[in-house]
Amino acid sequence: MPQPDDWHVHLRDGELLKNVVQHTARSFSRAIVMPNLRPPITTTTLAEQYRQRIIKCLPGGVSFTPLMTIYLTDNTNSDDLKKGIHQGVITAAKLYPAHATTNADAGVTKIENIYPALKILSETGRPLLVHAEDASPSVDVFDREKIFLEQTLSPLRLKFPDLKIVVEHITTREAVDFVYKNNSHVAATITPHHLVINRNAMFQGGFRPHAYCLPVAKREEHRLALVEAAVSGESTFFLGTDSAPHTRSAKESDCGCAGIFSSPTALAVYAEVFEREGKIDRLADFASRFGAKFYNLPVNSKEIRLTKKEWKAPLEVAGLGEDRIRVFQGGQTLQWSLD
Ligand code: DOR
Ligand code: ZN
């Protein structure tokens with residue numbers, strides 16, 4: 001198959017970046033890099049500097065293209081966004097509703113505040129990437145996605161009918177329906193973990209912080225809707241791991257961070273899901289073609305081969321000093337290997 005791309009990943013910075021980027025670059029040719037650093041990547045200059053730091057951390061001889069995003073805030077400078085797009089630095093813009101997730105404190109408090117930026121995106125055909133959760137304290141954590149789609153994203157579609165939107169890391173049947181209803185301008189990424197776990201995974205025999213991410217996994221019926229969408233052959237559903245490394249101490253704590261690190265195992269997990277559904281022939285479209293199509297980018301010319309051959313995934317990888325990062329399905333025997 002053509003080499004896949006990861007249309008949603010967290011690569012972090014500093015020592016963590018050094019340790020995790022190789023795991024993404026091993027499987028993927030390009031990746032949409034999330035801007036939720038501390039401080040966030042809010043300008044073209046910051047995005048370009050971050051891009052260079054990522055390239056510097058790549059192991060010798062590895063070719064990998066980070067596609068940069070800008071973190072929208074109440075004060076986003078739309079001229080700067082326009083400049084970043086025209087210079088080829090910025091591929092997309094990310095909307096984090098304020099306080100919705102990790103490092104979202106600087107996120108958008110009122111959607112109207114980013115209308116000027118949305119106008120630029122709409123005019124340039126660049127996608128708005130959405131963390132689609134309403135984080136108001138009055139909204140139940142399991143309803144956050146559904147409420148955001150109803151109350152924020154549906155009206156936004158009407159206001160900006162030409163705006164391309166990616167609903168990131170969808171977790172509900174409602175999100176699948178939203179994508180079908182708004183076909184052609186709206187797409188969604190689907191993570192490996194949301195295809196495999198439901199919310200029970202967080203409470204199996206005790207509290208399991210490594211199964212906690214945002215949006216949080218939902219009921220089984222929703223997982224089934226995601227699997228159906230992923231293998232549907234519909235080009236508006238494509239691969240985005242949301243691989244989000246946090247060290248064990250940051251996860252296994254009084255207030256554990258949200259995020260599941262899947263870069264080393266993601267392709268194998270997706271392949272198992274597609275095979276189980278009898279749709280392995282559709283994996284290449286989902287992983288390597290549909291995302292590129294939505295982003296108006298060429299499909300990668302380099303090819304990779306996934307072979308049905310067991311391998312034992314590492315339980316953990318290096319993180320910060322002695323503090324390691326747990327791998328999604330790490331320690332388990334997986335069925336598909338990347339040659
Ligand atoms: O689980 C998550 N982790 N969801 C997000 O939206 C952010 C991410 C992170 O940055 O750790
Ligand atoms: Zn994410």
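Refer to the structure presented above.
Here goes a summary of the coordinates provided. Predicted model only: the values in this text are computed from it and were never measured.

### Section: the coordination of the zinc ion (ligand 2)
Part 1 of the reasoning: Donor atoms from the polypeptide that bind the zinc ion (ligand 2) are His8 (NE2), His10 (NE2) and Asp242 (OD), placed at 2.1 Å.
Part 2 of the reasoning: Read from N- to C-terminus, the donor residues coordinating the zinc ion (ligand 2) fall into the pattern H-x1-H-x231-D. Here His8 is found in strand 1 (residues 6-9), whereas its partner Asp242 is found in the loop between strand 8 (237-239) and helix 9 (248-251), with 234 residues between them in sequence. For the pair formed by His8 and Asp242, the shared burial category is buried.

### A closer look at the packing of aromatic side chains
Part 1 of the reasoning: A complete count under the given rule lists 11 aromatic pairs for this structure.
Part 2 of the reasoning: Residues Trp7 and Tyr295 carry aromatic rings whose centres are separated by 4.6 Å and whose planes lie at 20° to one another, so their mutual orientation is stacked. Residue Trp7 is located in strand 1, and its partner Tyr295 is located in the loop between helix 11 (283-294) and strand 9 (306-312); the two are separated by 288 residues in the primary sequence.
Part 3 of the reasoning: According to the relative accessible area criterion, Trp7 is buried, its value standing at 1%.
Part 4 of the reasoning: Ring centres of Tyr115 and Phe160 lie 5.3 Å apart, and the angle between their planes is 70°; this geometry places the pair in the edge-to-face category. Pair noted here: Tyr115 is in helix 4 (residues 115-124) and Phe160 is in the loop between helix 5 (144-159) and strand 6 (165-167), with a separation of 45 residues, a long-range link.
Part 5 of the reasoning: Of the residues examined, Tyr115 reaches a relative accessible area of 22% and is grouped as partly exposed.
Part 6 of the reasoning: On the basis of relative accessibility, which here comes to 11%, the residue Phe160 falls in the buried class.

### Quick word on empty space enclosed by the protein
Part 1 of the reasoning: Throughout the structure, instances matching the rule amount to two cavities of 30 Å³ or more.
Part 2 of the reasoning: Forming the boundary of the largest cavity are 18 residues, of which His10, Thr101, Leu214, Asp242 and Ala244 lie nearest the centre.
Part 3 of the reasoning: Here the second largest cavity defines a volume of roughly 30 Å³.
Part 4 of the reasoning: Lining the second largest cavity are Thr171, His194, Ile197, Ala217, Lys218, Arg219, His222, Arg223 and Leu226.
Part 5 of the reasoning: A per-element tally of the lining of the second largest cavity places helix 8 (residues 220-230) first, with three residues.
Part 6 of the reasoning: In terms of residue class, the lining of the second largest cavity is made up of three nonpolar, three polar and three charged.

### A short note on the packing of helix 5 against helix 6 (residues 173-181)
Part 1 of the reasoning: Interhelical geometry of helix 5 versus helix 6 gives an angle of 15° and a closest axis separation of 9 Å. Comparing their axes, helix 6 and helix 5 come out roughly parallel. The handedness of the crossing between helix 5 and helix 6 comes out as right-handed. Side by side, helix 5 and helix 6 meet where Glu145, Lys146, Leu149, Leu153, Ser154 and Arg157 of the first sit next to Glu174, Ala175 and Phe178 of the second.
Part 2 of the reasoning: In the contact of helix 5 with helix 6, the residues fall into four nonpolar, one polar and four charged.

### As for the pairing of strand 4 (residues 90-95)
Part 1 of the reasoning: Counting buried residues in strand 4 gives six out of six residues, a clear majority hidden from the surface.
Part 2 of the reasoning: Here strand 3 (residues 65-71) pairs with strand 4 via four bridges, running parallel. Residue pairing for strand 4: Met68 is matched across the bridge by Ile90.
Part 3 of the reasoning: Tracing the backbone out of strand 3, into helix 3 (residues 78-86) and back to the parallel element strand 4 gives a crossover that is right-handed.
Part 4 of the reasoning: Here strand 4 pairs with strand 5 (residues 128-130) via three bridges, running parallel. Pairing of Lys94 across the sheet is with Leu129, part of strand 5.
Part 5 of the reasoning: Running through helix 4, the crossover from strand 4 to the neighbouring parallel element strand 5 is right-handed.

Definitions and cut-offs
- Residues numbered from 1 in each chain as written.
- Chains lettered and ligands numbered in written order.
- Predicted model: local features only at pLDDT ≥ 70, side-chain atom pairs only at ≥ 80, totals over all residues.
- Heavy atoms only, no water.
- Donors = N, O, S within 2.8 Å, 3.2 Å for Na, K, Ca; no water.
- Helix = DSSP H or I, 4+ residues; strand = E, 2+ residues; numbered from the N terminus.
- Buried < 20%, exposed > 50% of the residue type's maximum accessible area, 1.4 Å probe, protein only.
- Phe/Tyr/Trp six-rings, centres within 6.5 Å; stacked < 30°, edge-to-face > 60°.
- 1 Å grid on protein atoms, 1.4 Å probe; cavity = no way out; pocket = protein on both sides within 12 Å on 5 of 7 lines; lining within 4 Å.
- Points joined across faces, edges and corners; volume = space filled by probe spheres on them.
- Nonpolar A, V, L, I, M, F, W, Y, C, P; charged D, E, K, R; others polar.
- Axes fitted to C-alpha atoms, helices over the stretch in contact; angles between N-to-C directions.
- Parallel < 35°, antiparallel > 145°, perpendicular 65-115°, else oblique.
- Left-handed = near helix turned anticlockwise from the far one by under 90°.
- Contact = heavy atoms within 4.5 Å.
- Pairing = 2+ DSSP bridges.
- Right-handed = clockwise from strand over helix to strand, strands pointing away.

By themselves, these are just geometric observations and shouldn't be taken as functional.
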